[in-house]
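Structural characterization, general
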Amino acid sequence: MKLSYDLHIHSCLSPCGDGDMTPANIAGMAALKGLDVIALTDHNSCKNCPAVDHFAREYGILFVPGMEICTMEEVHAVCLFPDLERAMKFDEYVYERLIPFPNKEEIFGRQQIYNKEDMPCGTVPNLLINGTQISFDNLWELVRSYEGVMFPAHIDKAANSLISNLGFVPPDSRFQTAEVKDIRKLSELKKANPYLEGCRIITNSDAHYLEDIQEPLFTIEVEERTVEGVIRALL
């Protein structure tokens, strides 16, 4: 079956995320737009995934817990997990390896954790948009050890992308899915990076504001309407 998706959304936990990006608002907007499946992918954190999962269930939307990690090369990649338990364990692993630097709210923005009543219940002290001590080379196997899947984010962007930061797609890469922000650049990207010829290409919103959450324009084909089905489709 085909599911309309947006697998790259930020909440108000990301310091660059708008304050209106609360778990209930994200799920509500996704439902309003008619999406079948969404993923929350805050910078280096999964801490708002439990709340979004709660509200997505209320709206009948399939929810995939995730994170947009920043590697030691400052490459952004989306990591998705089959359940909250594995996502939160990965969250702990990553936060221990996040380069510690206190968040300054007046400069970078607030990093708010929300509960299942859609109320703020805490903050994250260290700046989440920093790099981690996790290399891109090891990321695929690391995420797979949590039974998840990883794909490089917005590879066509001029900053914090696999191609912009490394200059090329490593030929020994393991990922089978790549995210392109502007699908019109795909032909040029494939010509310069033959590895992408064998990849599934997806497009997500990378939304930091409610109105930017993706319309149901793109679909992913899955064997079953489950989180595991989405993970398998991206492998």
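This write-up is about the structure you can find in this document. (Residues numbered from 1 in each chain as written. Predicted model: local features only at pLDDT ≥ 70, side-chain atom pairs only at ≥ 80, totals over all residues. Heavy atoms only, no water.)

**As for the pairing of strand β4 (residues 76–80)**
In terms of burial, β4 is a largely internal element, five of the five residues being buried. Burial of β4 is two-sided: the residues H76, V78 and L80 facing one way and the residues A77 and C79 facing the other way are all buried. The turn joining strand β3 (residues 62–70) and β4, which pair antiparallel and follow one another in sequence, is formed by five residues; a positive phi near 60 degrees is taken by E74. The sheet contact formed by β4 and strand β7 (residues 149–152) spans four bridges and is antiparallel. Bridge pairing in β7 links A77 to P152. (Buried < 20%, exposed > 50% of the residue type's maximum accessible area, 1.4 Å probe, protein only. Helix = DSSP H or I, 4+ residues; strand = E, 2+ residues; numbered from the N terminus. Pairing = 2+ DSSP bridges.)

**Section: the packing of aromatic side chains**
Applying the stated rule across the entire model yields five aromatic pairs. Arranged with centres 4.8 Å apart and planes meeting at 45 degrees, the rings of F81 and F90 form a pair that is tilted. Given a relative accessible area of 0%, F81 falls into the buried group. Through pairs of rings, three or more aromatic residues link up here, namely F81, F90 and Y146. It is K47 that lies over the ring of Y95; its NZ or CZ is 4.8 Å from the centre. Over the aromatic face of Y93 sits the side chain of R97, whose NZ or CZ is 3.5 Å from the ring centroid. (Phe/Tyr/Trp six-rings, centres within 6.5 Å; stacked < 30°, edge-to-face > 60°. Lys NZ or Arg CZ within 6 Å of the ring centre and 35° of its normal.)

**Looking at the environment of F55**
Mapped onto the elements of the fold, F55 is located in helix α2 (residues 49–59). Through-space distance from the C-alpha of F55 to that of I26 is 8.6 Å; in sequence the pair is 29 residues apart. Ignoring anything within four residues of it in the chain, the contact list for F55 reads P23, A24, A27, N115, K116, E117 and D118. (Contact = heavy atoms within 4.5 Å.)

**Digging into the pattern of salt bridges**
In the structure shown here, the tally under the stated rule is 11 salt bridges. Between D83 and R86 there is a salt bridge, and its shortest N-O distance comes to 2.3 Å. Classification of D83 as partly exposed rests on a relative accessible area of 23%. Residue R86 is classed as partly exposed on the basis of its relative accessible area of 25%. Of the charged contacts in the structure, one is a salt bridge between E141 and R174, with a shortest N-O distance of 3.2 Å. Linking E141 in helix α5 (residues 136–144) with R174 in the loop between α6 (162–166) and β8 (177–179), this pair joins segments that are 33 residues apart in sequence. Residue E141 is classed as exposed on the basis of its relative accessible area, which comes to 55%. Residue classification places R174 among the partly exposed residues on the basis of a relative accessible area of 44%. One network of salt bridges, with partners in common, ties together D83, R86 and E147. (Salt bridge = Lys/Arg side-chain N within 4 Å of Asp/Glu carboxyl O.)

**Considering the sheet that holds strand β10 (residues 219–221)**
One open sheet accounts for six strands, arranged β7-β4-β3-β2-β1-β10; its pairing is mixed. Unpaired on one side and paired on the other, β7 and β10 mark the two borders of the sheet. The sheet shows a mean angle of 35 degrees between the axes of neighbouring strands, taken without regard to direction. Relative to strand β2 (residues 37–40), strand β1 (residues 2–9) runs parallel, the two sharing three bridges. The partner of I9 across the bridge, within β2, is L40. (Axes fitted to C-alpha atoms, helices over the stretch in contact; angles between N-to-C directions.)

**Structural notes on the side chain of D42**
If you trace the backbone, D42 turns up in the loop between β2 and α2. One buried charged residue, D42, remains without a salt bridge, the closest side chain of opposite sign being K47 at 10 Å. At 2.7 Å, the side chain of D42 forms a polar contact with the side chain of S14. Residue contacts for D42: discarding those within four places in its chain leaves I9, H10, S11, L13, S14, N48, G66, M67 and E68. (Lys, Arg positive; Asp, Glu negative; His and termini not counted. Polar contact = N/O pair within 3.5 Å; in protein donor to acceptor, adjacent residues only side chain to side chain.)

**Overview of the state of the cysteines**
With the rule as written, the count across this model stands at zero disulfides. Between C16, a cysteine without a disulfide, and C70, which holds the nearest cysteine sulfur, the sulfur-to-sulfur distance is 11 Å. Here C46 is not cross-linked by a disulfide; its sulfur's nearest cysteine counterpart is in C49, at 4.7 Å. For C46, a relative accessible area of 1% puts it in the buried group. (Disulfide = S-S within 2.5 Å.)

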